[in-house]
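Single-letter residue listing:
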Amino acid sequence: FIMALNWFKKKKNKAEEKTRPDQKTGEVSQSFEFDDVQAETPENKTDIKHEEFESETPIPPDSIDEEVDRGASEKPTGFFKRLKNGLSKTRKLLTTDINDLFAGKRKIDDELLDELEEILITSDIGVQTATDLIRGISLKSSEISGPDQLKKVLREKILELLNAAMKPPQAIVNKPHVIMVIGVNGTGKTTTIGKLAARFSASGKKVIIAAADTFRAAAIEQLGIWADRAGVEIIKHREMSDPAAVAYDSIEAAVARDADIVLVDTAGRLHTKKNLMEELKKIKRTISNKLAGAPHEVLLILDATTGQNALSQASLFNDALDVTGIALTKLDGTAKGGIVVSICKTLEIPLTYIGVGEKIEDLQEFDPIQFVAALF
Ligand code: GDP
Ligand code: MG
């Protein structure tokens, strides 16, 4: 028992050494840039395929295995296949390396657990979570004699963590239902709004988009392209006009036209972070003054490729604006998809959507079972 205890202590110390400074001190990382120049026009010009959304009825999955089977039989354009493709980099990191762990051995030993911990940390799952998972696995080690069993145990343990953090999605009861979308420049706000507009519109909702990122003309144009693709109306003013006024007008238009959903795009950079937060707060206040109870959702967009930095962005925005949900984009662009687990475990804010590509149909509601099934 004492040997085991020492082993865990050693693990823990080692793991803590690997912690990045911003995680350790809780300091907000300064590494995101407000002056980054961002590509404005999305490359992808795919037309919206409304049928695809309609056929996308969520299945109530009873088990991960069922989900894996479903994925295997699905056509390449299907919902689960898109998720699986999107997560391929992370899956490659996790599964290939886990298979390699067992090369030449049949049992779990300290060395194997060390290496597994390293893999999990590389996937950005979080140091504490990796340590907890390893502890769980070491307790079950006598039952695990190969990579498939190990993956099965990991699947179950990670699912447990994700399920514990899940909250039921917010029902849409107000008309209009206002969603204010915020986040650092380049994380995918405008793209996600386009994808959401298409989803809502395909499900029969009348959508209005507010171009309250007035910082550059190109940003307004980019949103206009997405509004066209989704077939929804956009409310816009001139470049550099007051974003709160755009938000105000969009609510007025939504009420007058009996719209169901208002999606408010916002800027992700200003001259300073303080300016940005103050401006976002002003937009939020203006929306509430115009329509009591609104905005009903404050959706924070985080970019999965920024790794642990996404977590510091979340606390920064949450402190200023009380975020109600997170959309995590660009999971397709990273092998560090373990950040999903970090987000669910560390933040009190539910992970509502994940983005697995640039196409309009590449936004999915986050579903832990499907996620874990696609990962392993
Ligand atoms: P904004 O500055 O927050 O409005 O970000 P944009 O919506 O302009 O997105 C920045 C870039 O990220 C664009 O090139 C998008 O196509 C890309 N992007 C957004 N979401 C995803 C995603 O889920 N996957 C990938 N691969 N790219 C994405
Ligand atoms: Mg934008």
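First, a word on what this report is: a plain description of the structure on this page.

What counts as what
Residues numbered from 1 in each chain as written. Chains lettered and ligands numbered in written order. Predicted model: local features only at pLDDT ≥ 70, side-chain atom pairs only at ≥ 80, totals over all residues. Heavy atoms only, no water. Salt bridge = Lys/Arg side-chain N within 4 Å of Asp/Glu carboxyl O. Helix = DSSP H or I, 4+ residues; strand = E, 2+ residues; numbered from the N terminus. Buried < 20%, exposed > 50% of the residue type's maximum accessible area, 1.4 Å probe, protein only. Pairing = 2+ DSSP bridges.

## Examining the pattern of salt bridges
Two side chains bearing opposite charge may form a pair once their charged atoms approach each other closely.
Part 1: Scanning the model with the defined rule gives 14 salt bridges in all.
Part 2: Taking the shortest distance from any N to any O, the salt bridge between arginine 135 and aspartate 132 comes out at 3.8 Å. Highlighted residues: arginine 135 and aspartate 132, both in helix H8 (residues 127–139), separated by three residues, approximately one helical turn.
Part 3: For arginine 135, a relative accessible area of 32% puts it in the partly exposed group.
Part 4: Note that aspartate 132 is salt-bridged to lysine 345, the shortest N-O span being 3.4 Å. Here the residue aspartate 132 occupies a position in helix H8, and lysine 345 occupies one in helix H15 (residues 339–346), the gap between them amounting to 213 residues.
Part 5: On the basis of relative accessible area, lysine 345 is assigned to the partly exposed category, the value being 35%.

## Topic: the pairing of strand E4 (residues 261–266)
Part 1: The element E4 is extensively covered by neighbouring structure, given that six of its six residues are classed as buried.
Part 2: Here E4 shows no split at all, with Ile261, Leu263 and Asp265 on one side and Val262, Val264 and Thr266 on the other all buried.
Part 3: Bridge count for strand E1 (residues 177–182) against E4 is four bridges, and the pairing is parallel. Residue pairing in the sheet places methionine 180 in a bridge with valine 264 of E4.
Part 4: Sheet analysis places strand E2 (residues 207–212) next to E4, joined by six bridges and oriented parallel. By the bridge assignment, isoleucine 208 is partnered in E4 with valine 262.

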